[in-house]
Amino acid sequence: SLTKFKDKLNALCKFMTSKSQKDQSLIANLITVNKRIRRILKDDNKSDNTSNNIKNLIKTIEPKYFEKQDKANLEAQLFDKLKLDIKKQDTLSYLEQLKLFSEYAPILHELFESVMIMAKDAKVKNNRLALLKAVRLLILGVADVSVLSV
């Protein structure tokens, strides 16, 4: 409905115009990592046969393919956060969801710096792509922040 759209637009504006330096940094990082996810998934779109239903997609992600050398366990952290956030997403306001998603930026940035998403092993690569796609689908349920400018 139009009222719901206006509420979402107002929340997005409020989120994007936060005066807090910390919030501004999180917003900028969220936009940046989402653009990177969009590019990675676009580049791999030719071979994408994964679900666009986030709950089904999460079921296809296999923790046994997470990076073993990763001391911070970033893939596992991201996967655990995704599972929790999917469950609570419907109980949060639009603004609360945007703030929640901004928490993904530091994890994703660190993941991109420490793990090769396009791994040589197809199962590892597809697992990582599914993880990124799940993050993107979760955030797209609220807004495509990858098209915003900082």
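For the structure, check the block above.
Just so we're clear, the structure is a prediction, and the values are computed from it rather than from any experiment. Every chain begins its residue count from 1, and numbering advances along the sequence as written. Only residues with pLDDT of 70 or above have their local features reported here, since the model is predicted, and side-chain atom pairs are shown and tallied only from 80 upward, although totals for entire chains, interfaces and linings are computed over all residues. Only heavy atoms go into the side-chain values, all of them from the structure, while hydrogens and water stay out.

## Regarding the overall build of the chain
Thought 1: If you tally the helices and strands in the chain, you get seven helices and zero strands.
Thought 2: For the chain, the N- to C-terminal ordering of α and β elements is α-α-α-α-α-α-α.
Thought 3: Only protein chains enter the area calculation, which uses a 1.4 Å probe; residues under 20% of their type maximum are buried, those over 50% are exposed, and those in between are partly exposed. Across the 150 residues of the chain, 44% fall into the buried class.
Thought 4: Once local pairs closer than 6 in sequence are excluded, the contacts in the chain between residues at least 24 apart make up 76%.
Thought 5: Surface accessibility in these figures is a Shrake-Rupley result with a 1.4 Å probe; residues are shielded only by whichever protein chains are displayed. Only carbon and sulfur atoms are counted for the fraction: they give 53% of the accessible area of the chain, which is about 9000 Å². Strands here are runs of E lasting at least two residues and helices are runs of H or I lasting at least four, both read from the DSSP assignment and numbered beginning at the N terminus. The contact criterion used is simple: two residues touch if any of their non-hydrogen atoms lie within 4.5 Å.

## Let's talk about the packing of aromatic side chains
Thought 1: Stacked, tilted and edge-to-face are the three classes assigned to paired rings of Phe, Tyr and Trp, where Trp is represented by its six-membered ring and a pair needs centres within 6.5 Å; plane angles under 30 degrees give stacked, over 60 edge-to-face, the rest tilted. Applying the stated criterion across every chain, the model contains two aromatic pairs.
Thought 2: Seen from their ring centres, Phe-66 and Phe-79 are 5.7 Å apart, and the 70 degrees between their planes marks the pair as edge-to-face. Taken as a pair, Phe-66 in the loop between helix H3 (54-60) and helix H4 (74-88) and Phe-79 in helix H4 lie far apart in primary sequence, 13 residues in all.
Thought 3: Accessibility expressed as a relative area gives 6% for Phe-79, which makes it buried.
Thought 4: For the ring pair Phe-101 and Tyr-104, a centre distance of 6.4 Å and an interplane angle of 55 degrees mean the geometry is tilted. The same class applies to Phe-101 as to Tyr-104, namely buried.
Thought 5: The ring of Tyr-104 carries the charged tip of Lys-81 above its face, separated from the ring centre by 4.7 Å. Counted as over-ring charges are cases with an Arg CZ or a Lys NZ within 6 Å of the ring centre that also lie within 35 degrees of the ring normal.

## A look at helix H7 (residues 122-140)
Thought 1: An ideal rise of 1.5 Å per residue puts 27 Å on 19 residues; H7 measures up with 26 Å between its terminal C-alpha atoms.
Thought 2: Extensive coverage of H7 is indicated by the burial of 14 of its 19 residues.
Thought 3: As used in this structure description, the phrase polar contact means that two N or O atoms lie within 3.5 Å; if the pair is within protein, one of them must be able to donate a hydrogen and the other to accept it, and residues adjacent in sequence are counted only when both atoms belong to side chains. N-cap assignment for H7: the residue whose side-chain oxygen lies 2.8 Å from the backbone N of Lys-123 is Asp-121. Given a helix with a known number of residues, its expected span is that number minus one, times 1.5 Å.

## A short note on helix H6 (residues 104-114)
For an α-helix, the turn length of 3.6 residues means that residues three or four places apart are oriented alike.
Thought 1: Inspection of H6 places Tyr-104, Ala-105, Ile-107, Leu-108, Leu-111 and Phe-112 among the buried residues, and these make up the whole buried set. Burial along H6 is one-sided: seen end-on, the buried residues are contained in an arc of 165 degrees. As used here, the arc belongs to the directions running from the helix axis to the C-beta atoms.

## Brief notes about the side chain of Arg-128
Thought 1: On the secondary structure map, Arg-128 appears in helix H7.
Thought 2: What makes Arg-128 buried here is its relative accessible area of 5%.
Thought 3: Within the structure, Arg-128 has its side chain in polar contact with the backbone oxygen of Met-116 (distance 2.4 Å).
Thought 4: When sequence neighbours within four positions are dropped, the list of residues in contact with Arg-128 reads Glu-67, Glu-75, Val-115, Met-116, Ile-117 and Ala-119.

## Observations concerning the pattern of salt bridges
Thought 1: The salt bridge definition used is simple: a Lys or Arg side-chain nitrogen within 4 Å of an Asp or Glu carboxyl oxygen. Overall, the coordinates contain eight salt bridges when judged by the stated rule.
Thought 2: Close ionic contact of Lys-64 with Glu-62 constitutes a salt bridge, the shortest N to O distance being 3.5 Å.
Thought 3: Looking at Glu-62, the relative accessible area reads 34%, which means it is partly exposed.
Thought 4: Three or more residues joined by partner-sharing salt bridges are found here, namely Lys-81, Asp-85, Lys-88 and Glu-103.

## Here we look at the packing of helix H5 (residues 94-102) against H6
Thought 1: To obtain an axis, a line is fitted to C-alpha atoms, over the contacting stretch when the element is a helix, and the angle between two such axes runs from 0 to 180 degrees between their N-to-C directions. In contact at an axis separation of 5 Å, H5 and H6 are set at 30 degrees when each is read in the N-to-C sense. Accordingly, the angle class assigned to the pair H5 and H6 is roughly parallel. Counting all contacts with H5, which are made through Leu-100, Phe-101 and Ser-102, the residues of H6 involved are Tyr-104, Ala-105 and Pro-106.
Thought 2: Classification used: nonpolar for Ala, Val, Leu, Ile, Met, Phe, Trp, Tyr, Cys and Pro, charged for Asp, Glu, Lys and Arg, polar for all others including Gly. Per-class residue counts for the contact of H5 with H6 are five nonpolar, one polar and no charged. Orientation is classified from the angle alone, with under 35 degrees giving roughly parallel, over 145 giving roughly antiparallel, 65 to 115 giving roughly perpendicular, and any other angle giving oblique.

Purely geometric stuff here, so don't read any function into it on its own.
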